[in-house]
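# Observations on the model geometry
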Amino acid sequence: MMEKMIFGRFIPGDSFVHRMDPRAKILFVFLFIAIVFVANNTLTYLLLLAFTFFVVFLSKIRLYFLVNGLKPVFILLIFTFMLHIFFTKGGDLLFSFGFVEVYEEGLRQGIFISIRFLVLVFITSILTLTTSPISITDGIEVLLGPFKRIKLPVHELALMMSISLRFIPTLMDETGKILKAQMARGSDIGSGPLKKRIKAVVPLLIPLFVSAFKRAEDLATAMEVRGYRGGEGRTRYRQLDWRMRDTLSLLMLVGFTAVLWYFRT
Amino acid sequence: MNSIIMSFKDVTFTYTPDDQSVRPAVADLSFSIEEGEWIALVGHNGSGKSTIAKLMNGLLFPQAGEVAAMNLTMSEESLWDIRSQMGMVFQNPDNQFVGATVQDDVAFALENNGVPHEEMVVRVKESLRQVKMEEFLDHEPHHLSGGQKQRVAIAGALALRPRLLILDEATSMLDPQGRMEVIETIRELREETGLTVISITHDLEEAALADRIIVMNAGRKHKEGTPEEVFLTGNELTTLGLDLPFAMRMTHLLREAGVQVLGEHMTEDELVEELWTFYSKK
Ligand SMILES: Nc1ncnc2c1ncn2[C@@H]1O[C@H](COP(=O)(O)OP(=O)(O)OP(=O)(O)O)[C@@H](O)[C@H]1O
Ligand SMILES: [Mg+2]
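Residues numbered from 1 in each chain as written. Chains lettered and ligands numbered in written order. Predicted model: local features only at pLDDT ≥ 70, side-chain atom pairs only at ≥ 80, totals over all residues. Heavy atoms only, no water.

Named according to an unreviewed UniProt entry, chain B is Energy-coupling factor ABC transporter ATP-binding protein originating from Planococcus liqunii. Regarding chain B, the UniProt comment filed under Subcellular location (unreviewed entry) reads as follows: "Cell membrane". For the record of chain B, the UniProt heading Sequence similarities (unreviewed entry) holds the text "Belongs to the ABC transporter superfamily." (UniProt positions renumbered as here; feature names shortened; annotations may be inferred.)

This is the structure:
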């Protein structure tokens, strides 16, 4: 289950989307989120769907892989669809089945909301699937750059984010080790009533915290020794590279918005 | 070129200045290290080795005495100047890996010192080549072995082209293979660049490779000299809680058993060399 989940995972590749500048991708996603709400009739929703599949096609991520990885999301989707079908009244009565009555408006709303949900999940997944976490961090740091003026600690936030990302696998490993060590001492985490299981987690968390603090201290020393003095006067090793394709992608999105706007009712 | 690169003069440091009952971590310590030397600093747990390393690059300041490096006296003003000329590698390979990938980590010190981008690209490649990790440019830390991570840490220290490299038990958490890799890397580096190295270690076999050994005991300098001089004291080191190199222990045991081994041997190879020619020489 967890292995198949693709939420927040990065799949390296060499597609048009992979090669885009992370800044362009982030802007694209935010703009897209706004645009989704422009659609309001069958044609515009279909256009939205078509556009999303076009982006998926450009990312060279297999649709099957995407759909398979987002299974838990589909359960949520079906649930909201059902809610709309059963509880939104309006328009003609399509059919009734005992006390359940399905109206035309309910069906329409159900489908629309599902499409909206689907395209949002697809587009944001494409962002995280095609961009390494560290590039996303870089993109956010640069995009938030202007907010340094109002004293937002942009550099520090980005550094915090990248260090957290860097330490996730390390701490996961460590959790595994502690778990095994506690199991070897007879602690039983996998079974029993919930209360007992929660209690069993404590001897797992405490060593993890202790070691995380130790790591943080070591890391701070290592950073200081290597001349870290905050964001002032620092240069960047990873350079972002805004190309023609990035401008074009954003223009394409703006064009698409115009089309949606034209066809909406 | 016999210029002094690092010197301590009557340095005393205590973590608890208010509590007189605790012995200082480092007491009345004096020594000086010449450019190009390989120094091993050995001593039992808590003998003050890490504290000395921290005094060397201004993470700590002594209560008495003077630390000088690169012809500058250590102070708040000279601190960053001194630090940019010395690299330091610590014990735990995971806790000093800052970057998301190998190349980001090597570039970290360069970024901090405001090196321009084009120059950084060149230096990252160069340092990784020096530690033979150039194929691992884009690898993430959790896909590297301990020895590889330590070599990346060395590359990260080398990127600034330091004159002095301090290794604080950099090999103690590694398996024998990783340890060999790191020691070999240091040896080659010194041949190639003449870098000054101070390695803090528990491992007397590693210390035997150095030009000079400083033995610490309870915050004070116990002895200083070439590996031969230091190891000749034999049992004295054992009482300080240090293990003699295997070849030396073997030599002593052979002598006790009545075998007339002639020389003092610090490496296994030397001992084997004498032993297999033993009868033919007689
Ligand atoms: N942060 C600290 N606060 C208080 N006392 C400390 C601190 N760090 C070390 N000490 C004490 O200072 C003394 C020297 O410690 P140091 O870490 O320098 O020893 P070491 O030779 O590096 O030991 P090891 O071989 O275990 O690394 C020890 O007695 C230790 O307990
Ligand atoms: Mg130590």
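It is worth spelling out the confidence of the model for chain A at this point. Residues of chain A with pLDDT of at least 70 account for 98%, and the chain-wide mean is 88. The secondary structure element of chain A with the lowest average pLDDT is strand β1 (residues 93-97) of chain A, at 79, and the one with the highest is helix α2 (residues 22-35) of chain A, at 95. (pLDDT = per-residue confidence, 0-100. Helix = DSSP H or I, 4+ residues; strand = E, 2+ residues; numbered from the N terminus.)

It is worth spelling out the packing of aromatic side chains at this point. Residue and element names in this part refer to chain A. A complete count under the given rule lists nine aromatic pairs over all chains for this structure. Summarising the aromatic geometry, the rings of Phe51 and Phe256 are spaced 4.1 Å apart at their centres and angled 15° between planes, so their arrangement reads as stacked. Here Phe51, found in helix α3 (residues 42-59), pairs with Phe256, found in helix α10 (residues 244-263); they are 205 residues apart in sequence, far enough to count as distant. Look at Phe256 and you get buried, because its relative accessible area is 9%. Between Phe53 and Phe122, the aromatic rings sit 6.2 Å apart at their centres with planes inclined by 85°, giving edge-to-face as the arrangement. (Phe/Tyr/Trp six-rings, centres within 6.5 Å; stacked < 30°, edge-to-face > 60°. Buried < 20%, exposed > 50% of the residue type's maximum accessible area, 1.4 Å probe, protein only.)

What follows covers the site of ligand 1. Residue and element names in this part refer to chain B. In the vicinity of ligand 1 there are 13 residues, among which Asn45, Gly46, Lys49, Ser50 and Thr51 approach most closely. Within the backbone of Gly48, a nitrogen or oxygen atom sits 3.0 Å from an oxygen atom of ligand 1. His202 places a side-chain nitrogen or oxygen 3.3 Å from an oxygen atom of ligand 1. (Near = heavy atom within 4 Å. Polar contact = N/O pair within 3.5 Å; in protein donor to acceptor, adjacent residues only side chain to side chain.)

Evaluation of the coordinates by the stated rule reveals five cavities of 30 Å³ or more. Here the largest cavity defines a volume of roughly 150 Å³. Lining the largest cavity are 13 residues, and of these Val17, Met20, Phe28, Val55 and Ile126 of chain A sit closest to its centre. Those elements that provide at least two residues to the lining of the largest cavity are α1 (16-19), α2, α3, α6 (104-130) and α10 of chain A. Listed by contribution, the elements that provide at least two residues to the lining of the second largest cavity are β6 (86-89) and α5 (146-158) of chain B. For the lining of the second largest cavity, the leading source of residues is β6 of chain B, giving three residues. (1 Å grid on protein atoms, 1.4 Å probe; cavity = no way out; pocket = protein on both sides within 12 Å on 5 of 7 lines; lining within 4 Å. Points joined across faces, edges and corners; volume = space filled by probe spheres on them.)

So, about the interface of chain B and chain A. At the interface, 33 residues of chain B touch 26 residues of chain A. With both sides pooled, the region where chain B packs onto chain A buries about 2800 Å², and carbon together with sulfur makes up 56% of that total. The largest share of the area that chain B buries against chain A comes from Trp80, Asn95 and Asn112 of chain B, three residues that together contribute 23% of it. Applying the counting rule to chain B against chain A returns four salt bridges. For the salt bridge of Arg226 of chain A with Asp105 of chain B, the shortest nitrogen-to-oxygen distance reads 3.2 Å. Summed over the shared surface of chain B and chain A, the result is 17 residue pairs in polar contact (both at pLDDT 80 or more). When contributions to the side of chain B that touches chain A are tallied by element, the ones reaching two or more residues are α2 (79-83), α3 (102-112) and α4 (117-130) of chain B. Ranked by residues supplied to the side of chain B that touches chain A, first place goes to α3 of chain B with nine residues. Grouping the amino acids of the side of chain B that touches chain A by side-chain chemistry returns 16 nonpolar, twelve polar and five charged. (Contact = heavy atoms within 4.5 Å. Buried area = accessible area lost by both parts, 1.4 Å probe. Salt bridge = Lys/Arg side-chain N within 4 Å of Asp/Glu carboxyl O. Nonpolar A, V, L, I, M, F, W, Y, C, P; charged D, E, K, R; others polar.)

All names here are of chain B. Structurally, Lys49 is set in helix α1 (residues 49-56). One buried charged residue, Lys49, remains without a salt bridge, the closest side chain of opposite sign being Glu169 at 4.1 Å. A polar side-chain atom of Lys49 sits 3.1 Å from the main-chain carbonyl oxygen of His44. If we ignore the near neighbours within four places in the chain, the residues touching Lys49 are Leu41, Val42, Gly43, His44, Glu169, Ile200 and His202. (Lys, Arg positive; Asp, Glu negative; His and termini not counted.)

Another point: the layout of surface pockets. Considered as a void within the structure, the largest pocket measures approximately 1800 Å³ in volume. Forming the walls of the largest pocket are 48 residues, and the residues nearest its centre are Phe10, Ser132, Pro133 and Ile134 of chain A together with Glu140 of chain B. With six residues, the top contributor of residues to the lining of the largest pocket is helix α8 (residues 154-184) of chain A. Here the residues of the lining of the largest pocket sort into 19 nonpolar, 15 polar and 14 charged.

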